[in-house]
Amino acid sequence: ALPSQPLNLAEYHILARAKLPAMVYGYYSSGADDEQTLRDNEEAFKRLRFRPRVLIDVSNVDMTKRIMGIDVSFPLLVAPSAMQRMAHPEGELATARAVARIGTVMGLSSWSTTSLEDVEAHVPGLPKFFQLYVYKDRALTERLVKRAEKAGFRAIALTVDTPQLGRREADIRNRFTLPPHLRLANFDEVNDQSTMKQDSGSGLAAYVASLIDASLSWKDVAWLKSITKMPILVKGVVTAEDARRALQAGVGGIWVSNHGARQLDGVVSTIDALEEVVHAVQGRVPVFMDSGVRRGTDVVKALALGADGVLIGRPILWGLAVNGEEGVVHMLQMLKDEFKLAMQLCGCQRVSDIRRDLVIRNAFAPY
Ligand code: FNR
């Protein structure tokens, strides 16, 4: 039986699965290959255990945090996910309104089905990061970056884990393509529908292979810095080596992500990768993390291991599918309530009280 009123993010997922067309659900939910990392992203959080402190006055808990000059109501941000109008007719606009109501930051995908200008026009001043895919056509890429800067986006999240699209078998089976009534709204220049050829499998994989620049390298971070004043966040770093390389390149932040397990299957879960990145970064720039965050306790665990901000991807799509803007607000509010309760039960009065000694790797390891 379906839950009548979802009580947690997992129940939003169940309701969304029942509602969405198979092709859309397959695209949103799937991970790459055998989905080992997809499972591991969530399971790795469960391998961490808390060492809560007691008899601390938690009658007033301050969940706010300032991240890259932005005041958020709690340290949970929204990751960019493509093509949100497949989940709900209002798509990215519903997400933007929900994010504004909760008081956090929205990541907007290059492949949004609402243009970046329309998102800014409908929810003026909403703090937003623009997720960038670098096209072989660098002039087109540069125009995209300039438009995001003009529309007031606070940062560019440069996705660095996608020189090709990961092998997502649901998309191959369903011959995934953007439904014909929708558009990749940030592009007038490329005829996206015609490049998403799905005769032999995933139309999106074909699109990436033909248009996205697989030669992208560290020198392009310098190029990106030369064309914009926005800070560059590198999204998809999972090693200390790359974190150090990113600092040398002058990035404004490091985003530990495995793309929700949609790219390289078998890659380390992000909560396991987080700590080596945090150690390498030594507080010089903010560290973000996503992939597998489903509970308020997960947010606390990631902050304890040194993340400055945590993001969710799929749960936004489930909220949208179930009930549009209201679904996203309700889902985010549940996560916020869970985060508050977790802080209280851990003995944390403010976000800065969430420290490394709050978690251990498993129940029996010596601290
Ligand atoms: C994504 N993600 C993503 N990332 C990105 O850099 N550009 C994009 O266009 C997209 N699109 C996208 C679509 C869908 C359907 C999903 C599920 C994910 C990855 C996203 O930003 C984020 O890294 C993950 O979703 C985080 O993992 P969870 O929270 O989904 O487990």
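Thresholds applied
- Note on numbering: residues in each chain are counted from 1, in written sequence order.
- Local features in this predicted model are restricted to residues whose pLDDT is 70 or higher, and side-chain atom pairs enter the listing and the counts only when it is 80 or higher, whereas totals over whole chains, interfaces and linings include all residues.
- Hydrogens and waters are ignored; side-chain quantities use all the structure's heavy atoms.
- When a carboxyl oxygen of Asp or Glu is within 4 Å of a side-chain nitrogen of Lys or Arg, the pair counts as a salt bridge.
- Note on conventions: DSSP H or I runs of at least 4 residues are helices, E runs of at least 2 residues are strands, and numbering of each starts at the N terminus.
- Any residue under 20% of the maximum accessible area for its type is buried, any over 50% is exposed, and the rest in between are partly exposed; the area is computed with a 1.4 Å probe on protein chains only.
- We call a residue near a given molecule or strand whenever any one of its heavy atoms falls within 4 Å of it.
- In the analysis that follows, any N or O atom pair within 3.5 Å is treated as a polar contact, provided that within protein one partner can donate a hydrogen and the other can accept it, and provided that, for residues neighboring in sequence, both atoms belong to side chains.
- A 1.4 Å probe and the Shrake-Rupley method give the accessible areas. Residues count as covered only by the protein chains that appear here.
- As a per-residue measure, pLDDT reflects the predictor's confidence and takes values from 0 up to 100.
- Definition used in this section: a nonpolar core is a set of buried Ala, Val, Leu, Ile, Met, Phe, Trp, Tyr and Cys residues joined via side-chain atoms within 4.5 Å.
- Any two residues whose heavy atoms approach within 4.5 Å are treated as being in contact.

A.B. asks: Which parts of the structure should I look at to understand the pattern of salt bridges?
C.D. replies: Here the idea is simple: oppositely charged side chains can pair when their charged atoms come close. Evaluated as defined, the whole model comprises 20 salt bridges. In this structure, Lys 65 engages Asp 308 in a salt bridge whose closest nitrogen and oxygen atoms are separated by 3.6 Å. Here the residue Lys 65 occupies a position in strand β2 (residues 65–67), and Asp 308 occupies one in the loop between α13 (296–304) and β11 (309–312), the gap between them amounting to 243 residues. Arg 101 is the salt-bridge partner of Glu 325, the closest N and O atoms lying 2.8 Å from each other. One end of the pair, Glu 325, is in helix α14 (residues 314–346); the other, Arg 101, is in helix α4 (residues 91–102), and 224 residues separate them in sequence. Taking relative accessible area as the criterion, Arg 101 reaches 47% and is therefore assigned partly exposed. Sharing partners across several salt bridges, the network here consists of Asp 40, Arg 47, Asp 272, Glu 275, Arg 356 and Arg 361.

A.B. asks: When you look at the site of the ligand in this model, what are you seeing that I'm missing?
C.D. replies: Close to the ligand lie 23 residues; Pro 80, Ser 109, Thr 159, Asp 290 and Arg 294 are nearest. One of the side-chain N or O atoms of Thr 159 is found 2.6 Å from an oxygen atom in the ligand. In the complex, the protein chains occlude 99% of the 600 Å² of accessible area that the ligand would expose alone. Put simply, the parts of the chain that give the shell around the ligand at least two residues each are α2 (22–29) and α14.

A.B. asks: Whenever I open this one, the confidence of the model for the protein confuses me. Can you help?
C.D. replies: It should be kept in mind that the predicted coordinates are not to be read in detail where pLDDT is low. On average, residues of the protein score 96 in pLDDT, and 97% of them reach the 70 mark or higher. Scoring of the predicted complex yields 0.97 for pTM and 0.99 for ipTM.

A.B. asks: For this particular structure, what's the right way to read the nonpolar core?
C.D. replies: One broad rule of soluble globular proteins: the nonpolar side chains tend to lie buried together. Judged by nonpolar contacts, the single largest core of 118 residues is most densely connected at Met 83, Trp 111, Tyr 207, Ile 254, Leu 274, Met 289 and Phe 339. Here the element with the most residues in this core is α14; it accounts for 16 residues. If near-sequence neighbours (up to four positions away) are discounted, Ile 254 is found in contact with Val 234, Val 237, Ala 243, Ala 246, Val 277, Val 281, Val 285, Pro 286, Val 287 and Phe 288. If you look at the next biggest cluster of nonpolar residues, it comprises 13 residues, including Ile 70, Val 105, Trp 255 and Leu 311.

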